[in-house]
Amino acid sequence: MELEPGLIFAIAIGAALLLIVGTAVAIGVGLITLDRGVRRARLGSAGPYTPVVQPEEPRAVAVSTPPTPSPLTQAVMRGGYVEVPATLGLGHTKLGMWAFLGSEMIFFTSLIGAFLLFRTTGEISPGDLRHFQEPVPIIGLPAVLLVAINTFILLTSSFSVVMGLDAVIEQKPRQARAFLLGVLALGAIFVGIQGVEWSNLFREGVTPSESIFGTSFFVLTGFHGMHVIVGLLWLVLFLLPRGFRGGLMPADAGSVEIFGLYWHFVDIVWIVLFTIIYLI
Amino acid sequence: MTHPQEIELSTHTHKRPNYLLVFFGLLALTVFEVAITYLGVPDAILTAGLLAFMLFKVILVALFYMHLRVDSKWFTYIFLIPLPFVLLILAALYFEAQK
């Protein structure tokens, strides 16, 4: 089925509007809900958050005490990471990162949805996907197996991030630095292997402008790759310098946690892309 | 005077999930995913199976690595708010493909 260029344009505009409106509504609803929670908590507790228990008046405490931060947030706070609002116990940066990840979810859905649409309409044919079964020169493995190895690498990097965060919380700065260096190495290898796969496709004549398959594939994997590179820059410019200067201390746990959220989301996107593009 | 809850906070030991187990679970699921594509399973079952494995992996990462299982429920709500829009986009594209 051929789609009219005007229709494609209309779909693109519709998707972009949905993306913008959806993101705005999602953030708006989230903020309003949070604001209500904050107001409710403030109604009973004048002044900053103090985790006070008054056993002699258990009913009054239940009404007036703001929600206790989760164990993870408490662990981060104990290390000296103080950017935690008084009422709900939610860090501004962490809250912002989650809202950002919500918008990223809609962004990638639009791209993945377009890929699925072209698969359904036959504009991306089984013949296009056969490229993934071709062996990659030098390595000799089919591209899909090479990408499976790349998936292992990204999953390992996610594991390394959580271990790094734990090492920071448990005041083991050398270990934390080693784990984050591991993330840097694994992320760089991931981007390198992606480059090998791309160059193989170029050699076979698949380019971004050559076909709908090429456009969809390179846009999807390209945007994901850009996210990985941004994560690596984050490590190199902000976290690792701290790790080498004075060591990552418990006060840095919040920063490592925020980076981890971003990195794990990038991992989740790859889990979805691997299944949708290479396996189905 | 030290408060009872302060004592509880200061002696709290950082309990972590078994990250290694989650990691091996993710690896095993990925191996299964790749393996079943070579088994000649009918397309419909293969697609359903692959999507189920994918969803399970996503949930594992979100719950354990992103700490949604132990962290404040607010973050889970914020992460889930865009889901209806995700479904809306996919539904719009699906109906477009049916034309």
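First, a word on what this report is: a plain description of the structure on this page. Remember, it's a predicted structure, so these values are computed and weren't measured experimentally.

## Some words on the overall build of chain B
1) Next: Across its full length, chain B carries five helices and zero strands.
2) Next: Traced from its N-terminal end to its C-terminal end, chain B shows the element sequence α-α-α-α-α.
3) Next: Per-residue burial over chain B gives 42% buried out of 99 residues.
4) Next: Considering only contacts in chain B between residues 6 or more positions apart, those separated by 24 or more positions represent 56%.

## A few points about the environment of F274(A)
1) Next: Turning to its location among the elements, F274(A) is positioned in helix 9 (residues 253–279).
2) Next: Sequence separation of F274(A) and F108(A) is 166 residues, and the distance between their C-alpha atoms is 13 Å.
3) Next: If we skip the residues at most four places from it in the chain, F274(A) touches V144(A), V147(A), A148(A), T151(A), L279(A), T30(B), E33(B) and V34(B).

## Re the packing of aromatic side chains
Residues and elements named next belong to chain B.
1) Next: The full count for this structure, using the stated rule, is 25 aromatic pairs over all chains.
2) Next: Aromatic side chains F23 and F24 sit 5.5 Å apart centroid to centroid with 55 degrees between the ring planes, which places their arrangement in the tilted category.
3) Next: Of the residues examined, F24 reaches a relative accessible area of 48% and is grouped as partly exposed.

## Looking at the side chain of E257(A)
Residues and elements named next belong to chain A.
1) Next: Take E257: it is sitting in helix 9.
2) Next: The buried category is assigned to E257, whose relative accessible area is 6%.
3) Next: Within the structure, the side chain of E257 is placed 2.7 Å from the side chain of K94, a separation counted as a polar contact.

## A closer look at empty space enclosed by the protein
1) Next: Tallying each qualifying case throughout the model produces two cavities of 30 Å³ or more.
2) Next: There is about 40 Å³ of room inside the second largest cavity.
3) Next: If you trace the second largest cavity, you find it lined by V161(A), V162(A), L165(A), E257(A), G260(A), L261(A), H264(A), Y65(B), M66(B) and H67(B).
4) Next: Of all elements in the fold, only helix 6 (143–169) and helix 9 of chain A reach the threshold of two or more residues within the lining of the second largest cavity.
5) Next: The leading source of residues in the lining of the second largest cavity is helix 9 of chain A, at four residues.

## Quick look at the interface of chain A and chain B
Buried accessible area, meaning the area lost when the parts come together, often serves as the stated size of an interface.
1) Next: Across the contact, 70 residues belong to chain A and 49 residues belong to chain B.
2) Next: Carbon and sulfur atoms make up 80% of the surface buried where chain A meets chain B, a total of about 5600 Å² over both sides.
3) Next: Contact with chain B buries area across many residues of chain A, yet W98(A), F159(A) and L279(A) alone supply 11% of it, more than any other trio.
4) Next: At the surface where chain A touches chain B, the tally comes to one salt bridge.
5) Next: The partner of K94(A) in a salt bridge is D71(B), and the shortest N-O contact between them spans 2.4 Å.
6) Next: Between the two partners, chain A and chain B, sit three residue pairs in polar contact (both at pLDDT 80 or more).
7) Next: If you list the elements that add at least two residues to the side of chain A that touches chain B, you get helix 1 (5–44), helix 3 (71–78), helix 4 (92–121), helix 6 and helix 9 of chain A.
8) Next: In terms of residue count, helix 4 of chain A provides more of the side of chain A that touches chain B than any other element does, 15 residues in total.

## Some remarks on helix 9 of chain A
1) Next: If you check helix 9 of chain A, its first and last C-alpha atoms are 37 Å apart, about what 27 residues at 1.5 Å a residue would give, namely 39 Å.
2) Next: In terms of burial, helix 9 of chain A is largely enclosed, as 27 of its 27 residues are buried.

Parameters at a glance
Residues numbered from 1 in each chain as written. Chains lettered and ligands numbered in written order. Predicted model: local features only at pLDDT ≥ 70, side-chain atom pairs only at ≥ 80, totals over all residues. Heavy atoms only, no water. Helix = DSSP H or I, 4+ residues; strand = E, 2+ residues; numbered from the N terminus. Buried < 20%, exposed > 50% of the residue type's maximum accessible area, 1.4 Å probe, protein only. Contact = heavy atoms within 4.5 Å. Phe/Tyr/Trp six-rings, centres within 6.5 Å; stacked < 30°, edge-to-face > 60°. Polar contact = N/O pair within 3.5 Å; in protein donor to acceptor, adjacent residues only side chain to side chain. 1 Å grid on protein atoms, 1.4 Å probe; cavity = no way out; pocket = protein on both sides within 12 Å on 5 of 7 lines; lining within 4 Å. Points joined across faces, edges and corners; volume = space filled by probe spheres on them. Buried area = accessible area lost by both parts, 1.4 Å probe. Salt bridge = Lys/Arg side-chain N within 4 Å of Asp/Glu carboxyl O. Expected span 1.5 Å × (residues − 1).

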